Amino acid sequence: MNFYESAVKDMVWIMNTKLKIKITIDCLMTATLLLLMAYSLVGEAAHEGLGIGMFLLFILHHVLNISWCRNLGKGKYSSYRIIQTALALLIFFTMMGSMGSGIMISNYAFDFLSIRGGQETARLIHLACAYWGFVLMSLHIGLHWKMMMGIMRQKRKTAPSKWRTILLRAVAAAIAIYGVVAFYQNRIAEYLFLRTHFVFFDFDETLLLFFADYLAIMGLFIWIAYYAGSLLQKRKK
């Protein structure tokens with residue numbers, strides 16, 4: 001093997017390793033996001049620890065995608081790119097809002113700061129940022145879903161199948177329908193628009209059922225973003 005072949009092989013290994021790290025970070029962020037939504041079911045102390053972990057993963061995610069940030073001022077902005085960029089910026093603001101307000105109302109991790117003023121306002125900001133962040137991150141995943149599926153197909157080296165595609169689309173539609181029901185039953189709209197200032201949890205509900213509901217709601221917004229993004233890309237072509 002000559003120097004050029006060795007360099008190419010090393011570059012491919014580095015790119016594959018970086019991709020694996022990115023996917024791992026994204027999966028950890030998704031799992032942490034779901035755990036954060038189960039605030040009262042996992043406990044306040046655990047919630048604060050998960051919040052700090054989420055913020056660190058968020059920073060790491062941006063470090064690994066720093067090239068995307070550098071290219072924000074370059075190239076043309078299609079409708080798809082405008083929406084993608086707007087979502088990323090809104091997620092950034094909700095993350096900052098969640099972390100800032102979380103520090104203000106902390107009873108464990110940041111209790112040593114002894115912040116006592118403005119807690120009522122901070123709780124409302126934290127509530128709105130948490131639920132809008134959940135929705136926006138789900139939409140963000142949906143816009144990248146086609147790319148993720150492409151990576152999975154490439155890794156599995158499976159040939160396209162018409163019937164498998166139909167089956168997967170039917171499953172996705174079923175999850176989206178379940179997500180609509182769960183969205184209504186869990187009163188998500190009330191939290192998004194602060195129609196109520198407190199989150200109501202059913203303490204008789206198991207964590208498994210809670211996560212099933214929230215995964216379905218996440219699936220609903222992924223489904224919406226996936227098809228909306230596909231439509232915008234087709235219009236561009």
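Above this text you will find the structure in question.
About the cut-offs
- Residues numbered from 1 in each chain as written.
- Predicted model: local features only at pLDDT ≥ 70, side-chain atom pairs only at ≥ 80, totals over all residues.
- Heavy atoms only, no water.
- Helix = DSSP H or I, 4+ residues; strand = E, 2+ residues; numbered from the N terminus.
- Buried < 20%, exposed > 50% of the residue type's maximum accessible area, 1.4 Å probe, protein only.
- Expected span 1.5 Å × (residues − 1).
- Salt bridge = Lys/Arg side-chain N within 4 Å of Asp/Glu carboxyl O.
- Axes fitted to C-alpha atoms, helices over the stretch in contact; angles between N-to-C directions.
- Left-handed = near helix turned anticlockwise from the far one by under 90°.
- Contact = heavy atoms within 4.5 Å.
- Nonpolar A, V, L, I, M, F, W, Y, C, P; charged D, E, K, R; others polar.
- Parallel < 35°, antiparallel > 145°, perpendicular 65-115°, else oblique.
- Disulfide = S-S within 2.5 Å.
- Patch = residues over 30% accessible without salt bridge, like charges linked within 9 Å, V, L, I, M, F, W, Y side chains within 5 Å.
- Areas by Shrake-Rupley, 256 points an atom, 1.4 Å probe, with all protein chains shown as cover.
- Phe/Tyr/Trp six-rings, centres within 6.5 Å; stacked < 30°, edge-to-face > 60°.
- Lys NZ or Arg CZ within 6 Å of the ring centre and 35° of its normal.

Colleague: Just to check I follow, could you spell out unusual backbone geometry for this structure?
Modeller: A negative phi angle is the norm for most residues apart from glycine, just as the trans form is the norm for most peptide bonds. We note that Arg-187 has phi near 55°; this positive angle belongs to a residue other than glycine. The residue Arg-187 is located in the loop between helix H8 (162-185) and helix H9 (188-192) in this model. Residue Arg-187 is classed as partly exposed on the basis of its relative accessible area of 32%. Despite not being glycine, Leu-194 has its phi angle at roughly 55°, a positive value. Structurally, Leu-194 is set in the loop between H9 and helix H10 (207-236). Owing to a relative accessible area of 29%, Leu-194 belongs among the partly exposed residues under this scheme.

Colleague: I tried to follow helix H3 (residues 44-64) on my own but got confused; where do I start?
Modeller: An α-helical turn contains 3.6 residues, so any two residues separated by three or four positions project in the same direction. Relative to the 30 Å expected for 21 residues at 1.5 Å per residue, H3 spans 30 Å between its end C-alpha atoms, a close match to the ideal helical length. Within the sequence span of H3, burial applies to His-47, Glu-48, Met-54, Phe-55, Leu-57, Phe-58, His-61 and Leu-64.

Colleague: What am I meant to see in the pattern of salt bridges here?
Modeller: Note that side chains of opposite charge can pair when their charged atoms are close. Inspection of every chain in the model, using the stated rule, returns one salt bridge. In this structure, Glu-190 and Arg-187 form a salt bridge, with 3.0 Å as the shortest nitrogen-oxygen distance. Exposure remark for Glu-190: the relative accessible area of 24% places this residue in the partly exposed category.

Colleague: Can you walk me through the packing of H3 against helix H5 (residues 79-105) in this structure?
Modeller: Working note: a packed helix pair is described by the angle between its axes plus the distance between those axes. The interhelical angle for the contact between H3 and H5, taken along N-to-C directions, is 145°, at an axis separation of 11 Å. Crossing hand, H3 versus H5: left-handed. For the pair H3 and H5, contact is made by Gly-51, Ile-52, Met-54, Phe-55 and Phe-58 and by Ile-91, Phe-92, Met-95, Met-96 and Met-99, respectively. Residues that form the contact of H3 with H5 fall into these classes: nine nonpolar, one polar and no charged.

Colleague: For this particular structure, what's the right way to read the packing of H5 against helix H6 (residues 119-143)?
Modeller: Running from amino to carboxyl end, H5 crosses H6 at an angle of 150°, the nearest separation of the two axes being 7 Å. On the basis of the axis angle, H5 is roughly antiparallel to H6. The two elements H5 and H6 meet at a crossing, and its hand is left-handed. Classifying every residue of the contact of H5 with H6 by side-chain character gives 17 nonpolar, ten polar and one charged.

Colleague: What is the right way to look at the state of the cysteines in this model?
Modeller: Disulfide: a covalent bond connecting the sulfur atoms of a pair of cysteines. Applying the stated criterion across every chain yields a total of zero disulfides. This cysteine, Cys-69, is not joined by any disulfide, and Cys-129 carries the nearest cysteine sulfur, 20 Å off. Accessibility expressed as a relative area gives 27% for Cys-69, which makes it partly exposed.

Colleague: Quick question: what am I supposed to make of a nonpolar patch on the surface here?
Modeller: Taken together, the side chains of Leu-89, Leu-90, Phe-92, Phe-93 and Met-96 define a hydrophobic patch exposed on the protein surface, amounting to about 460 Å² of accessible area. Of note, Leu-90 is situated in helix H5. Leu-90 gets classed as partly exposed once you look at its relative accessible area, which sits at 43%.

Colleague: Please clarify how the packing of aromatic side chains should be interpreted in this entry.
Modeller: The description of an aromatic ring pair rests on the distance of the ring centres and on the angle between the ring planes. As enumerated under the stated definition, the model contains twelve aromatic pairs in all. Relative to Tyr-214, the ring of Phe-210 has its centre 4.4 Å away and its plane inclined at 25°; by these criteria the two rings are stacked. Of this pair, Phe-210 and Tyr-214 both sit in helix H10, four residues apart, which is roughly one turn of the helix. A relative accessible area of 2% places Tyr-214 in the buried class. Linked through ring pairs, Phe-134, Phe-201, Phe-210, Phe-211 and Tyr-214 together constitute an aromatic cluster. For Arg-81, the ring lying beneath its charged end belongs to Tyr-77, and the centroid distance is 3.9 Å. Directly above the aromatic system of Trp-163 lies the positively charged group of Lys-162, at a separation of 5.8 Å from the ring centroid.

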